[in-house]
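# Geometric and topological summary
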Amino acid sequence: MKSLKPRSVVSSFICSNAGEPKIAIFRRSDKVSTYQHHLAPISGSIESPESPLAAAWRELREETTLTSRDMELWRQGKAFTFSDPSVGRQWTIFPFLYRLKDCSEGGRGEAGLQIDWEHEGWQWYSPDAIQDDDKFGGVPHLKESFRRVWFEVDMNDGASKALITGLKQLKADHQSGSHELTSIALRAYRDVIAQMHEDIDTQWWKNARMAAWHLWKNGRESMGAATLNAFLGLLADMEVIIHENLDSTVKRERLLALIDQHLDKRKEMPMRIKHSFATYLESKFLSTTRSRPTPSLVILTLSSSSTIRDSIIEAFASLPIPNLDLRILESRPLCEGVNMASSILSAFKTRFPSSSDRHLKLTVYTDASAALASKDVDFILLGADRISDSGSVSNKTGSLPAVLSAKHVCPAAKVLVLSELEKVAEPDAESNRSQEENDPKELVGCWVEYGIKGLNAIAEGIDADRDNTNYTVEVKNIYFEWVPAELIEAYICEEGTLDATAIQEKAQQVKQKADRYFGQL
């Protein structure tokens, strides 16, 4: 038997923006190498070393002229593999679903969709019309590719609406940290499970796991490591109930109670991290600061993290140090650092009355002042949205400049990551450095409010017809960046103080569990 050549490809579906959902399906021309004249989404090979998502955007641009100006990524699907001996291939398919923007959103709408030589034509189809049969005339496993981004096919109306509502909430929330977003994801998952009224059998369990996968991948994946770990722990406990010899109604009630238990347990994590931070300072810092003429704790941090806020106050309260010098970077564009400063000030005033011997010096700096804010700091405290298996940390943009500035200005300063262990991602999280592109209007709106000179020229450049100009103008609003592990002193978590080796072991555990519950979907 002739061996099959492996090939990884992307399959990108485009959804209309107006009225009832319609899906653009393209008829392949006789000039392509496989499946001539068959109906298909926009497809193409993944070229090393690009990611599947990068390949999807490239193929869309090449075959339709559509770009991120015209579309937004709506959902990604779980990859799957199948063999087709008739063409000598073993295909691995990475499905994506894009929403077409209309003119009011800055896109070109349907007018921007211009096919190239690889297609004879295209038209809109109802989601229900897409089938895997000869009559429809699609490429092999077309419906299987589509159902992985259109989960409504496999779920009842109530469950799919609950999942859609949860995904919208996660995508729209740019204020909550990953700990809070994970709790939102779990509550959304509870709503989905409550609506899955079918008998709890093998298919039900597969749909339940796929719903968890979507909340992880299609909510806020850049902050999704915590969500992944929370779901893996929950699914392990759910599996025990699934296999018990009980009536489906009883099982469902027990599953809902189990999700409630997991939500309650999450409330304990911040307290344990606060204790770990105080213990670290007592063992690593207290003897040093006592020798100073004016004993003080000097901390630089940024963005907004309830875990860091509470840990600072609790640790300071536990130490015999009279002075807390706290510098906070404002964290543009949403200025979460200002919110953080306000929150810490309120907590300090509540905890330490004016008559106490404790003193707070609170200074808010612009992000560009990171080097100035770093003078004489003892610690740079970072939160984490993801921690890779190497120990590198993905956190709010501005984290890396703050760390590099502090290391240059004050080499003795130590970088500490205060985070739940659930932020540790499966291996290769760091290599998948796709940036979360957020709405440039968050930045442009600030410029408009303050009447920045030259803004009109920038705005005109953004909206310029790129086919008829020799320049491009973009405004980048990127929320996250990576801080390398070699710059980090320690990881303060609910289990105490860990090093990079312990983080690597945790990442391997995450991979094993992810393979168990999501690997065969």
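How each quantity is defined
- Residues numbered from 1 in each chain as written.
- Predicted model: local features only at pLDDT ≥ 70, side-chain atom pairs only at ≥ 80, totals over all residues.
- Heavy atoms only, no water.
- Helix = DSSP H or I, 4+ residues; strand = E, 2+ residues; numbered from the N terminus.
- Rg over C-alpha atoms; globule rule 2.2 N^0.38 Å.
- Areas by Shrake-Rupley, 256 points an atom, 1.4 Å probe, with all protein chains shown as cover.
- Lys, Arg positive; Asp, Glu negative; His and termini not counted.
- Charge placed at Lys NZ, Arg CZ, Asp CG, Glu CD.
- Domains from an automatic or database assignment.
- Phe/Tyr/Trp six-rings, centres within 6.5 Å; stacked < 30°, edge-to-face > 60°.
- Buried < 20%, exposed > 50% of the residue type's maximum accessible area, 1.4 Å probe, protein only.
- Contact = heavy atoms within 4.5 Å.
- UniProt positions renumbered as here; feature names shortened; annotations may be inferred.
- Pairing = 2+ DSSP bridges.
- Axes fitted to C-alpha atoms, helices over the stretch in contact; angles between N-to-C directions.
- Expected span 1.5 Å × (residues − 1).
- Patch = residues over 30% accessible without salt bridge, like charges linked within 9 Å, V, L, I, M, F, W, Y side chains within 5 Å.
- Salt bridge = Lys/Arg side-chain N within 4 Å of Asp/Glu carboxyl O.
- Parallel < 35°, antiparallel > 145°, perpendicular 65-115°, else oblique.
- Left-handed = near helix turned anticlockwise from the far one by under 90°.
- Nonpolar A, V, L, I, M, F, W, Y, C, P; charged D, E, K, R; others polar.
- Core = buried A, V, L, I, M, F, W, Y, C linked by side-chain atoms within 4.5 Å.

A few words now on the overall build of the protein chain. The secondary structure content of the protein chain amounts to 16 helices and 18 strands. Relative to a compact globule of 521 residues, whose C-alpha radius of gyration would be 24 Å, the protein chain shows 26 Å and is just as compact. Each principal axis of the C-alpha distribution contributes one length, and for the protein chain these read about 85 × 70 × 45 Å. A total accessible area of about 24,300 Å² is found for the protein chain, and carbon and sulfur atoms account for 50% of it. Distance between charge centroids for the protein chain: 3 Å, based on 62 positive and 74 negative side chains.

In this section: the domain arrangement of the protein chain. Partitioning the protein chain into structural domains gives domain 1 (5–151), domain 2 (153–268), domain 3 (270–428 + 481–519) and domain 4 (440–477). Placing a centre on the C-alpha atoms of domain 1 and another on those of domain 4 gives a separation of 31 Å.

Turning next to the packing of aromatic side chains. Enumeration over the complete set of coordinates arrives at 18 aromatic pairs. Here W57 and Y98 contribute two aromatic rings whose centre-to-centre distance is 4.8 Å and whose plane-to-plane angle is 75°, an arrangement assigned as edge-to-face. Of this pair, W57 sits in helix α1 (residues 52–64) while Y98 sits in strand β7 (residues 89–100); the two residues are 41 residues apart in sequence, bridging distant segments of the chain. Its relative accessible area of 22% is what places W57 among the partly exposed residues. Between the aromatic rings of F316 and F352, the centroid separation amounts to 5.6 Å while the plane-to-plane angle is 75°, which identifies the pairing as edge-to-face.

The topology assignment puts L232 in helix α6 (residues 225–242). L232 sits in the buried class, given a relative accessible area of 1%. For the pair formed by L232 and Q512, sequence separation is 280 residues and the distance between their alpha carbons is 10.0 Å. Setting aside its immediate chain neighbours within four residues, L232 contacts V510, K513, A514, Y517 and F518.

As annotated in UniProt, the feature "domain: Nudix hydrolase" (unreviewed entry) corresponds to residues 5–147 in the numbering used here. Span residues 5–147 is 13% helix and 37% strand, its end C-alpha atoms 25 Å apart.

What follows is about the sheet that holds strand β17 (residues 490–493). Strands belonging to one sheet form pairs held by backbone hydrogen bonds; the direction of such a pair is parallel or antiparallel. The 7 strands lie next to each other as β11-β10-β9-β12-β15-β17-β18, forming an open sheet whose pairing is mixed. Strand pairing shows two members of the sheet lacking a second neighbour, β11 (359–365) and β18 (496–498), which therefore form its edges. Averaged over all adjacent pairs, the angle separating strand axes in this sheet is 25°, with direction ignored. Packed on one face of the sheet, helix α10 (residues 306–318) meets β9 (296–302), β10 (323–329), β11, β12 (379–382) and β15 (414–418) and runs near 165° to β10. Together, β9, β10, β12 and β15 form the strand contacts of helix α13 (residues 399–409), whose direction differs from that of β12 by roughly 170°.

This part covers the pairing of strand β4 (residues 42–45). Neither face of β4 is open: one carries I42 and G44, the other S43 and S45, and all of them are buried. As defined by bridge partners, strand β1 (residues 5–15) adjoins β4 across 4 bridges and the pair is classed as antiparallel. Residue S11 lies in a different strand from β4, and its bridge partner there is S43.

Helix length check: helix α4 (residues 178–195), at 18 residues, gives a terminal C-alpha distance of 26 Å against a target of 26 Å (1.5 Å per residue), a fit within 8%. Taken together, the buried positions of α4 are S178, H179, L181, T182, S183, I184, A185, L186, A188, Y189, V192 and I193. Turning to α4, the residues buried within the fold contact α3 (157–172), α5 (202–217), α6, α7 (248–265) and α8 (269–284).

Structurally, E144 can be placed in helix α2 (residues 142–147). On the accessibility criterion, E144 (19% relative accessible area) is buried. The contact partners of E144, leaving out residues within four places of it in the chain, are F80 and D132.

The next point concerns a negative patch on the surface. Among the surface-exposed residues, E198, D199, D201, D247 and E253 lie close enough to one another that they form a single negatively charged patch. Checked against the element boundaries, E253 lands in helix α7. Among the residues examined, E253 registers a relative accessible area of 52% and is labelled exposed.

Excluding glycine, a negative phi dihedral is what most residues carry, and trans is how most peptide bonds are arranged. Here the amide bond leading from S48 into P49 is cis, since omega sits at 10°, within 30 degrees of zero. Among the structural elements, P49 can be located in the loop between β4 and α1. Cis geometry marks the peptide bond from R332 to P333, where omega comes out at 10°. Within the fold, P333 resides in the loop between β10 and α11 (336–351).

Closest axis-to-axis distance for the α10/α11 pair is 10 Å, and the angle between their directions is 30°. By the angle between their axes, α10 is roughly parallel relative to α11. Both α10 and α11 take part in a crossing whose hand is right-handed. For the pair formed by α10 and α11, the contact residues are I308, R309, I312, I313, E314, F316 and A317 on the first element and M340, S343, I344, A347, F348 and R351 on the second. Taken together, the residues of the contact of α10 with α11 break down into 9 nonpolar, 1 polar and 3 charged.

Ranked by size, the top nonpolar core spans 48 residues in total, and within it Y189, I193, W204, M238 and F518 carry the most contacts. Looking at this core, the elements that each hand over two or more residues are α3, α4, α5, α6, α7 and α16 (500–518). Mapping this core onto the domain boundaries places at least three of its residues in each of domain 2 (153–268) and domain 3 (270–428 + 481–519). Ignoring anything within four residues of it in the chain, the contact list for Y189 reads A208, R209, A211, A212, L215, F231, L234, L235, M238 and I259.

Okay, the pattern of salt bridges next. A full pass over the atoms with the stated rule returns 25 salt bridges. In this structure, R99 and E72 form a salt bridge, with 2.7 Å as the shortest nitrogen-oxygen distance. A residue pair is termed long-range when its members are at least 10 positions apart, and R99 in strand β7 and E72 in strand β5 (residues 71–76) qualify at 27 residues. Residue classification places R99 among the buried residues on the basis of a relative accessible area of 14%. For E72, a relative accessible area of 33% translates into the label partly exposed. The salt bridge partner of R266 is E422, with a shortest N-O separation of 2.8 Å. Taken as a pair, R266 in the loop between α7 and α8 and E422 in the loop between β15 and α14 (441–449) lie far apart in primary sequence, 156 residues in all. We note that R266, like E422, is buried. Here the residues in one salt-bridge network are E47, E50, R58, E59 and E62, joined through shared partners.

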